[in-house]
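# Descriptive structure summary
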Amino acid sequence: QVQLVESGGGSVQPGGSLRLSCAASGFTFSSYVMRWFRQLPGKERELVASITTAGGLTNYADSVKGRFTISRDNAKNTVSLQMNSLKPEDTAVYYCNAFRQVFGTNYWGQGAQVTVSS
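The residue count restarts for each chain, going from 1 along the sequence in the order it is written. Confidence filtering applies because this is a predicted model: local features only for residues at pLDDT of at least 70, side-chain atom pairs given and counted only at 80 or more, and all residues used for totals across whole chains, interfaces and linings. No hydrogens and no water enter the side-chain calculation; it runs on all heavy atoms of the structure.

### Overview of the environment of Q3
The criterion, for reference: By definition, any uninterrupted DSSP run of H or I lasting at least four residues is a helix, any uninterrupted run of E lasting at least two residues is a strand, and each is numbered from the N terminus. For every residue, the accessible area (1.4 Å probe, protein chains only) is compared with the maximum for its type, and the residue is labelled buried under 20%, exposed over 50%, or partly exposed between those bounds. Should any heavy atoms of two residues lie within 4.5 Å, those residues are counted as being in contact.
For Q3, the position within the fold is in strand β1 (residues 3-7). By relative accessible area, which is 38% here, Q3 ends up partly exposed. Distance in space between the C-alpha atoms of Q3 and A24 is 5.6 Å, their sequence separation being 21 residues. Once residues lying within four places of it in the same chain are set aside, the contact partners of Q3 are A23, A24, S25 and F27.

Here you go:
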């Protein structure tokens, strides 16, 4: 049974930090590109960050470059998103995603709410 379980969401003041974690099970984690998306009510999911299977390459949305860092631990089947200098516009539900292009496979977590407000 495939599972992606996010943790670490919550509320923080502008300028603060949060760290999201995603624990994966039920599939070969090290074979999947891992991604974080976010979604506001009534809007499409936005790709925030991605990391390749061995962690050698990362990519970020322009809106979070320099503030967010994605990382993974293939030994522990986890992926994390360190979010610094948070802004109110970062408020959203954040989703962990596992993607394997060769099979067109996409797995999703249940989402974690991040709220940035004073």
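### Remarks on the nonpolar core
Burial of nonpolar side chains together is a common tendency in soluble globular proteins. The criterion, for reference: By nonpolar core we mean a set of buried residues, namely Ala, Val, Leu, Ile, Met, Phe, Trp, Tyr and Cys, connected to one another through side-chain atoms within 4.5 Å.
Core analysis: the biggest nonpolar cluster contains 29 residues, and M34, W36, V79, L81, M83 and Y94 have the highest contact counts within it. For this core, the elements supplying multiple residues, two or more each, are β3 (18-25), β4 (33-39), β5 (46-51), β7 (68-73), β8 (78-83), β9 (92-100) and β11 (112-116). Leaving out residues up to four positions away in the same chain, M83 has contacts with G16, S17, L18, L20, R67, F68, Y94 and V114.

### Observations regarding the state of the cysteines
Here is the rule: Here, the term disulfide refers to a pair of cysteine sulfur atoms separated by no more than 2.5 Å.
Tallied over the entire structure, the rule returns one disulfide. The disulfide bridge from C22 ends at C96, spanning 2.2 Å between sulfur atoms. On the S-S bond that ties C22 to C96, the torsion sits near -80 degrees, and the link is left-handed. Taken together, the residues C22 in strand β3 and C96 in strand β9 connect sequence positions 74 residues apart. Summarising the burial analysis for this pair, C22 and C96 share the class buried.

### With respect to the pairing of β5
Operational definition: Being paired, for any two strands, means DSSP has found at least two bridges between them.
Bridge analysis of β4 against β5 gives five bridges, and the strand direction is antiparallel. When the sheet's bridge partners are listed, F37 is paired in β5 with L47. Hairpin remark: β4 followed by β5, antiparallel, with six residues in the connecting loop; positive phi at G42, about 80 degrees. Note: β5 against strand β6 (residues 58-60), three bridges, orientation antiparallel. Counted as the bridge partner of A49 is Y60 from β6.

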